[in-house]
There are 2 protein chains.
Amino acid sequence: MMTTVKRKPKSKHALAGEIAEAIKLGQFRSGEWLRQIDIEQKFAATRFDVRTALDELVVRKAIEHVPNRGYRVAEIDRETLRHIRSVRIVIETSAATAIVSGMTPATLSTLRGLAEEFGVAVREGTRADQSRVNAEFHEVMYHLSGNPVLEELIWNLRDRGRGSNVTVWASHESLLCSDRDHHAMLEAIEKRDIARLSQLIAAHILKDAPEREPGGL
Amino acid sequence: MMTTVKRKPKSKHALAGEIAEAIKLGQFRSGEWLRQIDIEQKFAATRFDVRTALDELVVRKAIEHVPNRGYRVAEIDRETLRHIRSVRIVIETSAATAIVSGMTPATLSTLRGLAEEFGVAVREGTRADQSRVNAEFHEVMYHLSGNPVLEELIWNLRDRGRGSNVTVWASHESLLCSDRDHHAMLEAIEKRDIARLSQLIAAHILKDAPEREPGGL
DNA sequence: GGCTATTAAATTGGCGCCAATTATGTTGCA
DNA sequence: TGCAACATAATTGGCGCCAATTTAATAGCC
């Protein structure tokens with residue numbers, strides 16, 4: 001049981017991050033109501049901080065607000081999900097060029113380490129571990145683009161697409177696939193093969209939440 | 001019912017929109033402190049609503065918050081501006097294909113009307129008029145993409161880039177240039193010339209806030 | 001018995017007070 | 001005169017109370 005998380009710094013923004021993280025990790029189901037009392041107990045925060053954090057998450061599109069009803073985890077329909085993925089492909093593949101040109105031996109070895117670490121996490125780590133290492137890998141990679149705005153956008157869109165694919169991601173198949181993708185990306189970066197990297201990124205995104213629909217994008 | 005100041009909406013979100021609009025229109029200068037008392041008088045809102053709205057704008061990156069100092073209009077440095085424009089080009093040009101394929105005679109004539117209207121606004125309208133018509137033109141155009149997520153993203157990035165280029169935009173030269181661009185875009189859409197449309201969009205974005213700094217970075 | 005009106009409990013959310021902090025103005029001192 | 005310490009005014013921001021609204025529980029009615 002992991003109720004009442006211990007946190008000394010009661011920053012509103014930090015609390016929003018905590019809640020967002022919890023949602024990402026699937027601790028709240030899609031469409032589930034987030035009662036203020038529950039949240040304030042679970043995260044050991046005051047009522048006001050909870051409301052502020054929840055408001056922030058509404059702006060960030062992580063949850064939605066219904067007047068006089070409260071806040072609930074946003075349900076993203078298939079179509080929106082497709083739109084998000086479509087935009088993600090455009091944005092993330094656009095980073096490929098900058099990633100390759102920004103590549104250095106140091107970051108390359110960092111990436112290699114993280115790719116290995118992810119492989120380990122897939123086999124013997126918790127879901128949170130996998131999520132964290134995976135995020136770190138992509139963070140380092142996209143950081144090479146040298147464009148903070150681009151980076152931030154990528155994370156926003158990734159977060160928005162979460163919720164329904166967590167279960168999918170739980171499949172060991174998908175995890176192994178992600179693992180292979182990471183190594184393939186590394187290889188492409190190393191060989192400065194921009195086209196291949198773009199292709200891998202696009203495929204990676206599509207696999208992130210697969211959908212049997214004819215006609216990509 | 002509508003006085004010189006704004007209306008009195010009951011929604012906090014609406015107030016945030018009003019303030020954001022005011023910032024876009026240059027009623028607050030870059031780096032200027034937004035004193036809560038001033039805001040609450042200017043927009044006839046309660047202290048609490050002001051703070052909520054301001055918090056929302058912080059999340060939306062329109063303003064920034066300094067603890068115990070207050071809120072101020074975010075100053076975007078040249079580099080960030082460049083990054084934003086870079087991402088804008090990627091995203092907005094990516095919409096070109098969908099725009100062309102989604103084009104219908106009805107929307108085309110709507111666009112033509114708006115392009116004309118913008119031309120009129122440039123000559124004899126207020127700055128607010130110009131801004132509004134211009135926004136409407138691009139809104140209709142990007143709406144053709146059929147991707148709401150993409151649309152929203154475009155607006156977010158546009159808003160973030162505002163602040164320093166309003167003065168530039170005041171230049172009659174730039175306005176006339178925008179006017180020409182609109183008509184050129186129309187033509188490209190009509191001819192289903194995706195490449196040309198992409199090119200025009202990119203150029204339009206670059207012209208939106210040209211680097212005037214000597215030896216610009 | 002099933003359905004609806006009424007009442008009670010639970011939850012949300014608007015709003016304001018006042019302590020903490022920062023900015024401003026003033027005085028004393030070298 | 002310039003600087004620093006202090007006093008005072010202005011501003012921010014944390015927090016809680018309670019009214020408005022929704023949900024449930026219950027009783028009343030057909």
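The notes below deal with the structure included here.

1. Regarding the sheet that holds strand S3 (residues 70–73) of chain A
All names here are of chain A.
Part 1: With antiparallel pairing, three strands are arranged side by side in an open sheet as S1-S3-S2. Whereas interior strands pair on both sides, the edge strands pair on one side only; in this sheet they are strand S1 (33–34) and strand S2 (63–66).
Part 2: Bridge count between S1 and S3: two bridges; the pairing is antiparallel. The residue of S3 that forms the bridge with Leu34 is Tyr71.
Part 3: Running over the sheet, helix H3 (residues 47–59) touches S2 and S3 and is turned about 110 degrees from S2.

2. Remarks on the relation of the copies chain B and chain A
Part 1: The two copies are related by a screw operation: chain B maps onto chain A through 180 degrees of rotation and 0.0 Å of translation along the axis, at an RMSD of 0.1 Å. Such values leave the two copies arranged in the relation of a two-fold axis.
Part 2: Most of the interface of chain B is mirrored in chain A, where 100% of its interface residues again form contacts.

3. Looking at the sheet that holds strand S1 (residues 33–34) of chain B
Strand pairing within a sheet occurs via backbone hydrogen bonds; the two strands may be parallel or antiparallel.
All names here are of chain B.
Part 1: Reading across the sheet, the three strands line up as S1-S3-S2 and stay open at both edges, with antiparallel pairing between neighbours. The outermost strands of the open sheet, each flanked by one partner alone, are S1 and strand S2 (63–66).
Part 2: Relative to strand S3 (residues 70–73), S2 runs antiparallel, the two sharing four bridges. Note that in S3 the partner of Val66 across the bridge is Gly70.
Part 3: Relative to S2, helix H3 (residues 47–59) is tilted by about 110 degrees, and along the sheet it contacts S2 and S3.

4. Digging into the protein's contact with DNA strand D
Part 1: By nearness alone, 16 residues border DNA strand D, and Lys12 and Arg69 of chain A together with Arg35, Arg47 and His65 of chain B come closest of all.
Part 2: Across the atoms of DNA strand D situated within 4 Å of the protein, the share located in sugar and phosphate is 69%.
Part 3: A distance of 2.7 Å is found between a phosphate oxygen of DNA strand D and a side-chain nitrogen or oxygen belonging to His65 of chain B.
Part 4: The contact in question runs from a phosphate oxygen of DNA strand D to an N or O atom on the backbone of Asn68 of chain B, over 2.9 Å.
Part 5: Put simply, the parts of the chain that give the surface near DNA strand D at least two residues each are H3 of chain A together with helix H2 (36–42), H3 and S2 of chain B.
Part 6: The residue makeup of the surface near DNA strand D, split by class, is five nonpolar, four polar and seven charged.

5. Considering the interface of chain B and chain A
Part 1: Taken residue by residue, the interface counts 22 residues in chain B and 22 residues in chain A.
Part 2: Both faces combined, the contact of chain B with chain A buries some 1700 Å², and carbon together with sulfur accounts for 71% of it.
Part 3: Three residues stand out in chain B for area buried against chain A, namely Val59, His83 and Val149 of chain B, and they jointly supply 28% of the buried area on that side.
Part 4: The interface formed by chain B and chain A holds four salt bridges in total.
Part 5: Residue Lys61 of chain B is joined to Glu152 of chain A by a salt bridge in which the shortest nitrogen-to-oxygen separation is 3.0 Å.
Part 6: Connecting chain B to chain A are eight residue pairs in polar contact (both at pLDDT 80 or more).
Part 7: If you list the elements that add at least two residues to the side of chain B that touches chain A, you get H3, helix H4 (78–94) and helix H8 (148–161) of chain B.

Thresholds, definitions, all that
Residues numbered from 1 in each chain as written. Chains lettered and ligands numbered in written order. Predicted model: local features only at pLDDT ≥ 70, side-chain atom pairs only at ≥ 80, totals over all residues. Heavy atoms only, no water. Pairing = 2+ DSSP bridges. Helix = DSSP H or I, 4+ residues; strand = E, 2+ residues; numbered from the N terminus. Contact = heavy atoms within 4.5 Å. Axes fitted to C-alpha atoms, helices over the stretch in contact; angles between N-to-C directions. Least-squares fit on C-alpha atoms with pLDDT ≥ 70 in both. Near = heavy atom within 4 Å. Polar contact = N/O pair within 3.5 Å; in protein donor to acceptor, adjacent residues only side chain to side chain. Nonpolar A, V, L, I, M, F, W, Y, C, P; charged D, E, K, R; others polar. Buried area = accessible area lost by both parts, 1.4 Å probe. Salt bridge = Lys/Arg side-chain N within 4 Å of Asp/Glu carboxyl O.

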